[in-house]
There are 2 protein chains.
Amino acid sequence: MTSPIVAVVGGGQLARMMAPAATALGITLRVLVESPTASAALAAHQTVVGLPGNADAIAALLAEPRPAVVTWEHEHIPRDVFDACEAAGVPTRPGIGALVYAQDKIEMRTRMDTLGLPNPSWRIVTSVEDVRHFLSSHDGVGVLKTARGGYDGKGVRVISDAAQAAQWLDAAANGGPRVLIEEKVPFSRELAIQVARRPAGEVVPWRLVESLQVDGVCAVVTAPAPRASALLEREAWTIAATIAAKLDVVGVLAVELFQVGERLVVNELAMRPHNSGHWTIDGCVTSQFEQHLRAVLDLPLGATTALSPWTVMANVLGGEREQLESALADVTDPDAKVHLYGKEVRPGRKVGHVTVMGADLEDVQARAHAAAAIVRGGGAA
Amino acid sequence: MTSPIVAVVGGGQLARMMAPAATALGITLRVLVESPTASAALAAHQTVVGLPGNADAIAALLAEPRPAVVTWEHEHIPRDVFDACEAAGVPTRPGIGALVYAQDKIEMRTRMDTLGLPNPSWRIVTSVEDVRHFLSSHDGVGVLKTARGGYDGKGVRVISDAAQAAQWLDAAANGGPRVLIEEKVPFSRELAIQVARRPAGEVVPWRLVESLQVDGVCAVVTAPAPRASALLEREAWTIAATIAAKLDVVGVLAVELFQVGERLVVNELAMRPHNSGHWTIDGCVTSQFEQHLRAVLDLPLGATTALSPWTVMANVLGGEREQLESALADVTDPDAKVHLYGKEVRPGRKVGHVTVMGADLEDVQARAHAAAAIVRGGGAA
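Since this is a predicted model, take the numbers as computed values, not measurements.

### Some remarks on the overall build of chain A
Right, so step 1: Along its length, chain A carries twelve helices and 17 strands.
Right, so step 2: Relative to the globule expectation of 21 Å for 381 residues, the C-alpha radius of gyration of chain A, 21 Å, shows essentially globular dimensions.
Right, so step 3: Expressed along its principal axes, the backbone C-alpha trace of chain A runs to roughly 60 × 55 × 40 Å.
Right, so step 4: Here chain A, with 381 residues, has 51% of them falling under the buried criterion.
Right, so step 5: Put simply, of all contacts in chain A between residues at least 6 apart along the chain, 62% involve residues at least 24 apart.

Below is the structure:
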């Protein structure tokens, strides 16, 4: 059998969850994992151990039989990797021309402005004076961000005193990531929209979802977003489809959004499967993981129809329980779909998630929370 | 992480499709595969290459870290394997006490009679004269079967002349499998029912399904079975629950049934995931593969609710196309869930399946057929 090989850089749970989709489609998943105990290592069909900055590791990822395509489970991909793939004649999807907007928040904000998409007020800052000036015109508060390297609340800081920016600004002056400041958007809630796009341009969206963040980390996703008007959802689709097309994204694109009244503001972009789309594994005809594989292989995209009126996904953050697998015996709700990532438990670390579907939103939410709490080890919520 | 290990004997597609379920649950799947290119080899988390009759292979399957349980993807398990597992202190689920009824059709028929479950008329035959006598009292036609070793129509033969039985009877007299003959049941259609059972006795059924066989091979499964009365479905559940309990089955049990008017007759048993349950992967809250893992690990069983009014699963039998993966580009129906088994294509061999769900049965059936035909390579149906 000549099975197409998809190579993935990054060995976390996002790469791991591509494996079941690849198995079903008869696709071979070759993953570059940071360590032999990485989340994706056991599940992947072929494993290369190494860091994306290591040329030998990338050479092994690209070795014969050559992968049909290289894709990513995170944004922190050195430029050299793209060059190595090009030299080997293996396409990178999304390519560097798109991915840079997920890697660098200044590039992203600049591009959103150019495209006329709804940005918060923002500016690049290089001095404490810049920051002070921004704060003084924004009610004394702002969201300071490093342009690169942040995730899950890291590299993001709400400040009300310009002096709080000094450390990151110093780092930026000494070769660290550039720094930007954004207005603290007075949002009523956070939403997310995902689409998948094929190389030739076909785009398919999933439903607009609500994302509840706790301490900068996604905690609960409700699909579809409750009380969202058809107009609001259409606006979200337009924003995501515009970004996907104009930035030439291939694969899955997630756009995190703020809702302000009946307006949307772009928060962040991810060009890969995303936590806000885990609900699609159990909740949709086609999951974000299968769709990402389909898109980067330039295969027809699957239907994104939801299978139930409501789907709620609750993350399991590392807590009391050290061996999460022991939780499988304790989750007795027959509708709770438990997903464990095979990661060592550390407090606050994303180590699994639980999905519940049903017709009664309050019931579904309560059961997803309860099951996630049991897995975590804190008892029922 | 200490992840529970489930060991599986047999490397076909049934073992392969346990892997995605195991990955989601954080369970390690260790599979004994017949060859490094077996269907399950790439997808399994850990692989041991060897035949179940090889003691070294079984020792490797049972090696430290010890599996929590050993289970099967087919019935052809030598007695020695059970002894080796017992010596190693690893439970076998289902155990030999149950599995013998799936291994041996004479044991099964005898037990069904004892339990008062609906058997066809049947008898053990050891001579051509026995066969002639049976035929003469059954309108001159009967279904000759070897008690052991058959599958997918092999070891089963409709005969109308006793002389046709001579070869199998000779083999039986020389140490081959015993032979039985059954009445040719005048069924209106074939149905199948699946249940899962935990060691302590909890039993959960899926819906009754219709199974269309072509040349003794399952071709299409429609779930739920169209035009089946609630009474008929309840009778099927009772039959399966009785068999599961009385035979002490642990794991998934499939009972193939004949419908005769409004009566059911037991055709065959399988104590493992079964082709008639492939629709549950996309079509139910809990698939037969996840449920089998849950049952053999003595975990709470998941809900078996169907996600759509109708689900149709069409097998892909080996046909014109040698590289099935090339079909992925040709199946443009966004609702067609394509499953490929990574097996070398041989004419008539089960190499994949397609599932379509929806509200309009005729539409769903037509689309499942069409997609399976495209994958096979014969063009649209």
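### A short note on the interface of chain A and chain B
Bring the parts together and some accessible area is lost; that lost area is often taken as the interface size.
Right, so step 1: Contacts between the two partners involve 36 residues from chain A, matched on the other side by 36 residues from chain B.
Right, so step 2: Those elements that provide at least two residues to the side of chain A that touches chain B are helix H2 (18-25) and strand S16 (337-340) of chain A.
Right, so step 3: The element contributing the most residues to the side of chain A that touches chain B is H2 of chain A, with five residues.

### A short note on the sheet that holds strand S6 (residues 142-146) of chain B
All names here are of chain B.
Right, so step 1: Strand order in the open sheet formed by four strands is S5-S8-S6-S7, and the pairing between neighbours is antiparallel. Looking at which strands have only one partner, the edges of the open sheet turn out to be strand S5 (122-125) and strand S7 (156-159). Along the sheet, successive strands turn relative to each other by an average axial angle of 25°, direction set aside.
Right, so step 2: Across four bridges, S6 lies against strand S8 (residues 179-182) in antiparallel orientation. Across the sheet, the residue bridging to Val143 is Glu182, located in S8.
Right, so step 3: Docked against the sheet, helix H7 (residues 128-136) engages S5, S6 and S8, running at close to 160° with respect to S5.
Right, so step 4: Sheet strands in contact with helix H8 (residues 166-173) are S5, S6 and S8, and its direction is about 145° off that of S8.

### Focus: the sheet that holds strand S6 (residues 142-146) of chain A
Residue and element names in this part refer to chain A.
Right, so step 1: Strand order across the open sheet formed by four strands is S5-S8-S6-S7, with antiparallel pairing between neighbours. Edge positions in the open sheet fall to strand S5 (122-125) and strand S7 (156-159), since each of these has one partner strand only. On average, each strand axis in the sheet is tilted by 25° relative to the strand beside it, whichever way the strands run.
Right, so step 2: Bridge analysis of S5 against strand S8 (residues 179-182) gives four bridges, and the strand direction is antiparallel. Residue pairing in the sheet places Val125 in a bridge with Val179 of S8.
Right, so step 3: Taken strand by strand, helix H6 (residues 105-115) contacts S5, S6 and S8, and its axis lies near 50° from that of S8.

### Description of the domain arrangement of chain A
Right, so step 1: Parsing chain A into structural domains produces domain 1 (5-92), domain 2 (121-182) and domain 3 (189-376).
Right, so step 2: Placing the centre of domain 1 of chain A and that of domain 2 of chain A at their C-alpha centroids yields a distance of 34 Å.

### What about the nonpolar core?
Right, so step 1: Ranked by internal contacts, the top residues of the largest apolar core, which has 203 residues, are Val6, Leu253 and Val255 of chain A together with Val6, Leu253 and Val255 of chain B.
Right, so step 2: In contact with Val6 of chain A, not counting residues within four places along its chain, are Ala22, Ile27, Leu29, Pro67, Ala68, Val69, Thr71, Leu293, Val296 and Leu297 of chain A.

### Looking at the environment of Pro347 of chain A
All names here are of chain A.
Right, so step 1: Take Pro347: it is sitting in the loop between S16 and strand S17 (350-358).
Right, so step 2: Classification of Pro347 as exposed rests on a count of 8 C-beta atoms within 10 Å.
Right, so step 3: The spacing of Pro347 and Val141 is 206 residues in sequence and 29 Å in space, taken between C-alpha atoms.
Right, so step 4: Residue contacts for Pro347: discarding those within four places in its chain leaves Gly318 and Gly319.

### Focus on the pairing of strand S13 (residues 251-260) of chain B
Two faces belong to every sheet, and in a regular strand the side chains alternate between them.
All names here are of chain B.
Right, so step 1: The buried fraction of S13 is high, at eight of ten residues.
Right, so step 2: Summarising the sheet, strand S9 (residues 189-197) and S13 pair through nine bridges and their orientation is antiparallel. The residue of S13 that forms the bridge with Ile193 is Val255.
Right, so step 3: As judged from the seven bridges shared by S13 and strand S14 (residues 263-270), these two strands associate in the antiparallel manner. Bridge pairing in S14 links Val255 to Leu269.
Right, so step 4: Hairpin connection between S13 and S14: a loop of two residues separates the two successive antiparallel strands, and Gly261 in this loop has a positive phi of roughly 60°.

### Thoughts on the relation of the copies chain A and chain B
Right, so step 1: Structural alignment of chain A on chain B gives an RMSD of 0.0 Å, achieved by rotating through 180° and translating 0.0 Å along the axis. Here the symmetry operator amounts to a two-fold rotation axis. Residue Pro20 of chain A of chain A places its C-alpha closer to the rotation axis than any other residue of that unit, at 2.2 Å.

### Things to note about unusual backbone geometry
Residue and element names in this part refer to chain A.
Right, so step 1: Here the bond from Glu64 into Pro65 is cis, since omega is -10°, no more than 30 degrees from zero.
Right, so step 2: Considering the arrangement of structural elements, one finds Pro65 in the loop between helix H3 (55-61) and strand S4 (69-72).
Right, so step 3: Cis geometry marks the peptide bond from Ala223 to Pro224; its omega dihedral reads -10°.
Right, so step 4: Along the chain, Pro224 turns up in the loop between strand S12 (217-223) and helix H9 (230-246).
Right, so step 5: Despite not being glycine, Arg227 shows a phi value in the positive range, around 55°.
Right, so step 6: Of note, Arg227 is situated in the loop between S12 and H9.

Rules behind the numbers
- Residues numbered from 1 in each chain as written.
- Chains lettered and ligands numbered in written order.
- Predicted model: local features only at pLDDT ≥ 70, side-chain atom pairs only at ≥ 80, totals over all residues.
- Helix = DSSP H or I, 4+ residues; strand = E, 2+ residues; numbered from the N terminus.
- Rg over C-alpha atoms; globule rule 2.2 N^0.38 Å.
- Buried ≥ 20, exposed ≤ 12 C-beta atoms within 10 Å, placed from the backbone.
- Contact = placed C-beta atoms within 7 Å.
- Pairing = 2+ DSSP bridges.
- Axes fitted to C-alpha atoms, helices over the stretch in contact; angles between N-to-C directions.
- Domains from an automatic or database assignment.
- Core = buried A, V, L, I, M, F, W, Y, C linked by C-beta atoms within 7 Å.
- Least-squares fit on C-alpha atoms with pLDDT ≥ 70 in both.

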